[in-house]
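# Architecture and fold: a report
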Amino acid sequence: MILVQEADFDTQQQYQALQQDCPQIGAIVTFVGLMRDFNEGDQVSSLFLEHYPGMTEKVLEDIRQQAMQRWQLNQIRIVHRVGELAPSDQIVFVGVSSAHRGDAFAACEFVMDFLKTQAPFWKREQTPEGSRWVEARQSDDKAADRWNDESK
Amino acid sequence: MILVQEADFDTQQQYQALQQDCPQIGAIVTFVGLMRDFNEGDQVSSLFLEHYPGMTEKVLEDIRQQAMQRWQLNQIRIVHRVGELAPSDQIVFVGVSSAHRGDAFAACEFVMDFLKTQAPFWKREQTPEGSRWVEARQSDDKAADRWNDESK
Amino acid sequence: MNMPKSLSLRFFARLRDDLNTSEESLVLPEQVTTVEELKQYLCLRGDNWQAALNTPGLFAAVEQKVVDWDTPLEGHEEVAFFPPVTGG
Amino acid sequence: MNMPKSLSLRFFARLRDDLNTSEESLVLPEQVTTVEELKQYLCLRGDNWQAALNTPGLFAAVEQKVVDWDTPLEGHEEVAFFPPVTGG
């Protein structure tokens, strides 16, 4: 399940959809990314999230399928917001259910690492000095790269 | 925050306590362990979780503090149930908030791996052949061991 | 001989700001056959195009999929250019 | 000369089932000074104690902390024996 939307999401609703009374599930791992009020040494008062409609959904679906093939999973749910956000707002949800916790942890982190480096979202933040586009981080590239090195 | 209790827990309440409108938090990772209806090839109809009152809380607090020292974290919350459980019941909750997702993922998995191998809980499961104590898994020892190898 | 074909171009984020355009429709000259050639062709439009497009780290997507610069344009309808992604 | 001291013993999970006891209070003989000696002393009680305690993978905790078998008992009040943990 993949959603790209302006509206906020309900983590509890997502969690329940992951669990859905399926007694084969032994582990649910969820990640929520939140907007911080500070970046690169500056106060950030708001964030605008732009995306490439159509391509975004395709890339997220591709990442989801890669994870489903790589680990033994029951379900992956991804929700990503776009548009105007304020500090402490929820930005992204990734939830994974599996029989085993190792698979659920790995898949959830894998999805986030690839989402960060491959999904066409761009952040523009408002600081006291004006508005600026957020620069990509090398640490995100490294985080995604390590999934190629690992022999799982 | 550490809780050992018979009562079920509310994941949304735990999530909100992790977030608590703190704009330095950029990432929240949660793990929920659920009771499966199948183990070692047998149907399991119910589970009894025994623990060592007092020691359990001390071990969990020790694991929590180790994680807090090892990574940059805002908060760790652990809830573990004891007593009688049915398939699909929630068993354990571990939630971590941090400025950065890498720290939140690592700390959450670290807590679960050490909880599994160090916290004095014991599962007795009810199968069609009667009641039996669950055997410890080598895979859990390995999962905990790898945190010693890693140069983080 | 192929009919001249119209291509839909899209620009995102900083690139869209710098070029002051998000979308346009373009009929390709015959000699422009790859994504790289399309980029160089657009750079001819002026200094701001040159500055915005000839920059390290730029990505190109064809039919909403990131591609290498030597990817042929033939048979495709949508090409996008954008800076490194920063979502999540 | 020390006064004979009472020790609280606790048994959990399969061990408690096998021994049919979860808790007892014990006055230690003088020659029992370590956790290992305590275990061997308890094994003298009979075959079911021997079978339950002389088993690989058994853990001992002193004052609710897992310890090595050569840990001295002096100054301590609570000793527990249990099989490998299986929570989470």
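See the structure printed just above.
Residues numbered from 1 in each chain as written. Chains lettered and ligands numbered in written order. Predicted model: local features only at pLDDT ≥ 70, side-chain atom pairs only at ≥ 80, totals over all residues. Heavy atoms only, no water.

### Topic: the relation of the copies chain B and chain A
- If you rotate chain B by 180 degrees and push it 0.0 Å along the axis, it lands on chain A with an RMSD of 0.0 Å. Taken together, the rotation and translation relating the two chain copies correspond to the operation of a two-fold axis.
- In this assembly, 100% of the residues forming the interface of chain B have copies in chain A that are likewise at the interface, indicating an isologous arrangement. (Least-squares fit on C-alpha atoms with pLDDT ≥ 70 in both. Contact = heavy atoms within 4.5 Å.)

### Things to note about helix α2 (residues 35-43) of chain D
All names here are of chain D.
- By the burial criterion, the buried members of α2 are V35, L38, K39, L42 and C43. Each buried residue of α2 sits inside an arc of 140 degrees when the element is viewed along its axis, so together they form one side.
- Those residues of α2 that are buried lie in contact with β1 (6-11), β2 (23-27), α3 (47-53), β3 (59-62), β4 (65-67) and β5 (78-82). (Buried < 20%, exposed > 50% of the residue type's maximum accessible area, 1.4 Å probe, protein only. Helix = DSSP H or I, 4+ residues; strand = E, 2+ residues; numbered from the N terminus. Arc of directions from axis to C-beta.)

### Regarding the interface of chain B and chain A
- Contacts between chain B and chain A engage 37 residues on the former and 37 residues on the latter.
- Overall, the association of chain B and chain A removes approximately 3,000 Å² of surface from exposure, summing both partners, and the carbon and sulfur fraction of that is 48%.
- Together, R36, R101 and F105 of chain B form the three largest contributors to the area buried by chain B at its contact with chain A, with a combined 23%.
- Counting across the interface, chain B meets chain A through 18 residue pairs in polar contact (both at pLDDT 80 or more).
- Among the elements of the structure, α1 (11-19), β2 (27-34), α3 (101-118) and α4 (138-149) of chain B are those that each provide at least two residues to the side of chain B that touches chain A.
- Here the residues of the side of chain B that touches chain A sort into 17 nonpolar, eleven polar and nine charged.
- Bridging between strand β2 (residues 27-34) of chain A and β2 of chain B involves seven bridges; their strand directions are antiparallel. (Buried area = accessible area lost by both parts, 1.4 Å probe. Polar contact = N/O pair within 3.5 Å; in protein donor to acceptor, adjacent residues only side chain to side chain. Nonpolar A, V, L, I, M, F, W, Y, C, P; charged D, E, K, R; others polar. Pairing = 2+ DSSP bridges.)

### Here we look at the sheet that holds strand β1 (residues 2-5) of chain B
- Within the open sheet, the eight strands sit side by side as β1(A)-β6(A)-β8(A)-β2(A)-β2(B)-β8(B)-β6(B)-β1(B). Their pairing is mixed. The outermost strands of the open sheet, each flanked by one partner alone, are β1 (2-5) of chain A together with β1 of chain B. The average angle at which neighbouring strand axes cross in this sheet is 5 degrees, direction not considered.
- Examined bridge by bridge, strand β6 (residues 75-81) of chain A and strand β8 (residues 90-98) of chain A share six bridges and lie antiparallel to one another. (Axes fitted to C-alpha atoms, helices over the stretch in contact; angles between N-to-C directions.)

### Some details on the sheet that holds β2 of chain D
Residues and elements named next belong to chain D.
- The strand order across the open sheet formed by five strands is β2-β1-β5-β3-β4, and the pairing between neighbours is mixed. Edge positions in the sheet fall to β2 and β4, since each of these pairs with one other strand and no more. In this sheet, neighbouring strand axes are inclined to one another by 30 degrees on average, regardless of whether the strands run parallel or antiparallel.
- Both β1 and β2 contribute to a ladder of five bridges, which runs antiparallel.

### Brief notes about the interface of chain A and chain C
- Between chain A and chain C, the contact holds 26 residues from the first and 20 residues from the second.
- Summed over both partners, the interface of chain A with chain C comes to about 1,800 Å²; 55% of that surface belongs to carbon and sulfur atoms.
- Linking chain A to chain C there are two salt bridges.
- Residue E135 of chain A is joined to R14 of chain C by a salt bridge in which the shortest nitrogen-to-oxygen separation is 2.5 Å.
- Between the two partners, chain A and chain C, sit 15 residue pairs in polar contact (both at pLDDT 80 or more).
- Elements with a minimum of two residues in the side of chain A that touches chain C: β5 (46-51), α2 (55-70), β8, α3 (101-118) and β9 (121-127) of chain A.
- In terms of residues, the side of chain A that touches chain C owes the most to one element, α3 of chain A, which gives five residues.
- A per-class count over the side of chain A that touches chain C returns 15 nonpolar, five polar and six charged. (Salt bridge = Lys/Arg side-chain N within 4 Å of Asp/Glu carboxyl O.)

### Here we look at the packing of α2 of chain A against α3 of chain A
All names here are of chain A.
- With their axes 10 Å apart at the nearest point, α2 and α3 run at an angle of 150 degrees to one another. Here α2 is positioned roughly antiparallel relative to α3, judged by the angle of their axes. Between α2 and α3 lies a crossing whose hand is right-handed. Between α2, through V59, L60, I63, Q66, A67 and R70, and α3, the contact on the second element is made entirely by A107, F110, V111, F114, L115 and Q118.
- Classifying every residue of the contact of α2 with α3 gives nine nonpolar, two polar and one charged. (Parallel < 35°, antiparallel > 145°, perpendicular 65-115°, else oblique. Left-handed = near helix turned anticlockwise from the far one by under 90°.)

### Quick notes on the nonpolar core
- If you look at the biggest cluster of nonpolar residues, it comprises 92 residues, and the most contacted ones within it are F31 and V94 of chain A, F31 and V94 of chain B, F82 of chain C together with F82 of chain D.
- Every residue in contact with F82 of chain C, bar those within four places of it in the chain, is listed here: Y52, M55 and W122 of chain A together with F12, L15, L58, F59, A61 and V66 of chain C. (Core = buried A, V, L, I, M, F, W, Y, C linked by side-chain atoms within 4.5 Å.)

### Section: unusual backbone geometry
Residues and elements named next belong to chain B.
- A positive phi is found at E40, a non-glycine position, where the angle reads about 50 degrees.
- Secondary-structure assignment places E40 in the loop between β3 (38-39) and β4 (42-43).
- In this structure E40 comes out as exposed when scored by relative accessible area, which is 58%.

### Topic: empty space enclosed by the protein
- Under the counting rule described, the total for this entry stands at one cavity of 30 Å³ or more.
- Computed from the structure, the largest cavity encloses a volume of approximately 110 Å³.
- Every residue along the wall of the largest cavity is listed here: T11, Q12, Y15, T30, V32 and F93 of chain A together with T11, Q12, Y15, T30, V32 and F93 of chain B.
- For the lining of the largest cavity, the secondary-structure elements that each account for two or more residues are α1 (11-19) and β2 of chain A together with α1 and β2 of chain B. (1 Å grid on protein atoms, 1.4 Å probe; cavity = no way out; pocket = protein on both sides within 12 Å on 5 of 7 lines; lining within 4 Å. Points joined across faces, edges and corners; volume = space filled by probe spheres on them.)

### Focus on the pattern of salt bridges
- All told, the structure shown has 27 salt bridges over all chains when counted by the stated rule.
- The shortest N-O distance in the salt bridge between R81 of chain B and D8 of chain B comes to 3.4 Å. Taken together, the residues R81 of chain B in strand β6 (residues 75-81) and D8 of chain B in the loop between β1 and α1 connect sequence positions 73 residues apart.
- One connected set of salt bridges, linked through shared partners, spans R101 of chain A together with E109, D113, D140 and R146 of chain B.

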